[in-house]
Amino acid sequence: MPELPEVEALSAFLRQRLTGRVIAEVRPVAISALKTYDPPVTALVGRVVGAVGRRGKFLDVEVGGLHLVVHLARAGWLRWRDSLPVEPPRPGGRNPLALRVRLEGEGGFDLTEAGTKKGLAVYVVGDPGEVPGVARLGPDPLEVGFEEFAALVRGDRRRIKGVLRDQSVLAGVGNAYSDEVLHAARMSPYKVASSLTEEEAARLYEALGGTLREAVERSRGLAAGELKAEKKLGLRVHGRTGQPCPVCGDTVREVSFADSSLQYCPTCQTGGKVLADRRLSRLLK
Ligand SMILES: [Zn+2]
């Protein structure tokens with residue numbers, strides 16, 4: 001799933017290509033991806049693209065006073081096309097195409113979504129705040145000050161892993177970067193957020209900004225098609241179960257849940273303790 005650094009890079013990529021261009025056609029292919037009806041997507045046609053930005057993991061394309069807001073969800077992606085086929089795309093079946101935007105002149109982009117679990121969401125609104133997921137967003141982790149961050153985190157009784165991923169606490173951190181941030185902060189994902197000392201909160205704040213800025217920096221200037229591979233290369237523990245921790249050499253471990261998993265390094269983060277994995281212990285019974 002694209003998180004803050006990838007969406008940030010994607011919005012920079014689009015800004016260069018879309019700003020000042022006129023929308024010629026918007027064609028929803030997977031109707032379920034379209035979450036708003038009024039104004040209709042056709043209202044974008046003939047309007048000029050202004051600012052392109054990011055709100056948490058949402059892409060926000062301003063088009064002549066309206067906003068095309070996109071959440072790529074787990075398996076969604078944006079594919080830039082220098083030229084688009086003339087014939088209309090065929091919906092249904094295995095077609096991953098969810099929405100096509102054609103620009104006047106030449107080119108445009110496709111929003112695609114792989115897999116059967118569909119989560120990609122497209123909104124056309126007068127104000128991005130009308131999108132429920134955007135209205136709920138907490139502060140941006142690249143902009144939040146330490147005092148505000150510490151108050152948010154230390155006021156929360158959940159495990160820190162869940163707190164970091166909660167979009168209403170911080171906007172833009174997901175499963176991958178929360179693993180990375182906790183590894184950089186040498187902190188257990190199970191640590192209760194409200195138990196953090198001032199010093200630990202400061203370490204986490206440093207790790208949050210450092211990890212995300214580094215990832216944004218690495219992604220800068222990359223084309224949309226290159227971002228996913230770049231993200232994978234930059235990760236130290238996430239998705240690396242069984243591989244050596246690049247910091248200490250210990251084996252990266254995993255805890256699985258119903259629909260996700262987390263990775264961590266015992267030596268760096270839990271004082272060498274291996275966290276219980278319910279799936280694994282079920283297998284061993
Ligand atoms: Zn380690």
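Structure's up top.
Just so we're clear, the structure is a prediction, and the values are computed from it rather than from any experiment. (Residues numbered from 1 in each chain as written. Predicted model: local features only at pLDDT ≥ 70, side-chain atom pairs only at ≥ 80, totals over all residues. Heavy atoms only, no water.)

### Here we look at the layout of surface pockets
Turning to step 1, where the next piece is worked out: Considering only enclosed or pocket space, the largest pocket measures out at about 900 Å³ in volume.
Turning to step 2, where the next piece is worked out: Within the residue set of the lining of the largest pocket, elements represented by two or more residues are strand 5 (76-81), strand 8 (121-125), helix 5 (175-184) and helix 7 (227-234).
Turning to step 3, where the next piece is worked out: Counting residues per element, the lining of the largest pocket draws most heavily on helix 7, which supplies three residues.
Turning to step 4, where the next piece is worked out: Residue composition of the lining of the largest pocket, grouped by class: 11 nonpolar, 10 polar and 12 charged. (1 Å grid on protein atoms, 1.4 Å probe; cavity = no way out; pocket = protein on both sides within 12 Å on 5 of 7 lines; lining within 4 Å. Points joined across faces, edges and corners; volume = space filled by probe spheres on them. Helix = DSSP H or I, 4+ residues; strand = E, 2+ residues; numbered from the N terminus. Nonpolar A, V, L, I, M, F, W, Y, C, P; charged D, E, K, R; others polar.)

### Here we look at empty space enclosed by the protein
Turning to step 1, where the next piece is worked out: Summed over the entire model, instances satisfying the criterion amount to two cavities of 30 Å³ or more.
Turning to step 2, where the next piece is worked out: Looking at the largest cavity, its volume works out to about 60 Å³.
Turning to step 3, where the next piece is worked out: In this structure, the largest cavity is lined by Tyr177, Glu180, Thr211, Glu214, Ala215, Arg218, Gly234, Leu235 and Arg236.
Turning to step 4, where the next piece is worked out: Mapped by element, the contributors of at least two residues to the lining of the largest cavity are helix 5 and helix 6 (198-219).
Turning to step 5, where the next piece is worked out: Top contributing element to the lining of the largest cavity by residue count: helix 6, with four residues.
Turning to step 6, where the next piece is worked out: The class makeup of the residues in the lining of the largest cavity is three nonpolar, two polar and four charged.
Turning to step 7, where the next piece is worked out: The computed volume of the second largest cavity comes to approximately 30 Å³.
Turning to step 8, where the next piece is worked out: In terms of lining residues, the second largest cavity is bounded by Leu14, Leu59, Val61, Leu68, Val70, Leu78, Phe109 and Leu111.
Turning to step 9, where the next piece is worked out: Counted by class, the lining of the second largest cavity contains eight nonpolar, no polar and no charged residues.

### Quick look at the coordination of the zinc ion
Each angle at a metal carrying four tetrahedral donors should ideally be 109.5 degrees, and each at a metal carrying six octahedral donors should ideally be 90 or 180 degrees.
Turning to step 1, where the next piece is worked out: Donor atoms from the polypeptide that coordinate the zinc ion comprise Cys245 (SG), Cys248 (SG), Cys265 (SG) and Cys268 (SG), at 2.2 to 2.3 Å from the metal.
Turning to step 2, where the next piece is worked out: Of note is the zinc ion, whose four donor atoms meet at the metal with angles of 97 to 114° in an arrangement that counts as tetrahedral.
Turning to step 3, where the next piece is worked out: All donors of the zinc ion come from a single chain, and their spacing in sequence reads C-x2-C-x16-C-x2-C. For the pair Cys265 and Cys268, one class covers both residues: buried. (Donors = N, O, S within 2.8 Å, 3.2 Å for Na, K, Ca; no water. Tetrahedral: all angles 85-135°; square planar, octahedral: opposite > 155°, others 65-115°. Buried < 20%, exposed > 50% of the residue type's maximum accessible area, 1.4 Å probe, protein only.)

### Description of the nonpolar core
Turning to step 1, where the next piece is worked out: Core analysis: the biggest nonpolar cluster contains 35 residues, and Leu14, Leu18, Phe109 and Leu111 have the highest contact counts within it.
Turning to step 2, where the next piece is worked out: Leaving out residues up to four positions away in the same chain, Phe109 has contacts with Leu14, Leu18, Leu68, Leu78, Arg79, Trp80, Arg81, Leu99, Arg100 and Val101.
Turning to step 3, where the next piece is worked out: In this structure, Leu170, Val173, Tyr177 and Ala215 belong to the second largest nonpolar core, which totals 27 residues. (Core = buried A, V, L, I, M, F, W, Y, C linked by side-chain atoms within 4.5 Å. Contact = heavy atoms within 4.5 Å.)

### Details of the sheet that holds strand 2 (residues 49-55)
Turning to step 1, where the next piece is worked out: Strand order in the open sheet formed by four strands is 2-3-4-8, with antiparallel pairing between adjacent strands. Single-partner strands in this sheet number two, and they are strand 2 and strand 8. Direction aside, neighbouring strands of the sheet carry axes that sit 15° apart on average.
Turning to step 2, where the next piece is worked out: Across the sheet, helix 1 (residues 4-18) touches strand 2 and strand 3 (58-63), and the angle it forms with strand 2 is around 175°. (Pairing = 2+ DSSP bridges. Axes fitted to C-alpha atoms, helices over the stretch in contact; angles between N-to-C directions.)

### Description of the packing of helix 5 against helix 6
Turning to step 1, where the next piece is worked out: Orientation of helix 5 relative to helix 6, taken along the N-to-C sense of each, is 125°, at an axis distance of 8 Å. If you check the angle between helix 5 and helix 6, you find them oblique. Seen from above, helix 5 lies across helix 6 with right-handed handedness. Residues Tyr177, Glu180, Val181, Leu182 and Ala184 of helix 5 lie in contact with helix 6, whose contacting residues are Leu204, Ala207, Leu208, Thr211, Leu212 and Ala215.
Turning to step 2, where the next piece is worked out: Among the residues forming the contact of helix 5 with helix 6, the class breakdown is nine nonpolar, one polar and one charged. (Parallel < 35°, antiparallel > 145°, perpendicular 65-115°, else oblique. Left-handed = near helix turned anticlockwise from the far one by under 90°.)

### A word on unusual backbone geometry
Turning to step 1, where the next piece is worked out: Residue Pro39 is reached from Asp38 by a cis peptide bond, and omega for that bond is 0°.
Turning to step 2, where the next piece is worked out: Relative to the assigned elements, Pro39 resides in the loop between strand 1 (23-28) and strand 2.
Turning to step 3, where the next piece is worked out: You will see that Ala73, though not glycine, has its phi angle at about 55°, which is positive.
Turning to step 4, where the next piece is worked out: Assignment of secondary structure puts Ala73 in the loop between strand 4 (66-71) and strand 5.
Turning to step 5, where the next piece is worked out: Overall, the relative accessible area of 10% leaves Ala73 in the buried class.
Turning to step 6, where the next piece is worked out: The residue Arg186 is not glycine, and still its phi comes out positive at about 55°.
Turning to step 7, where the next piece is worked out: Inspection of the secondary structure assignment puts Arg186 in the loop between helix 5 and helix 6.

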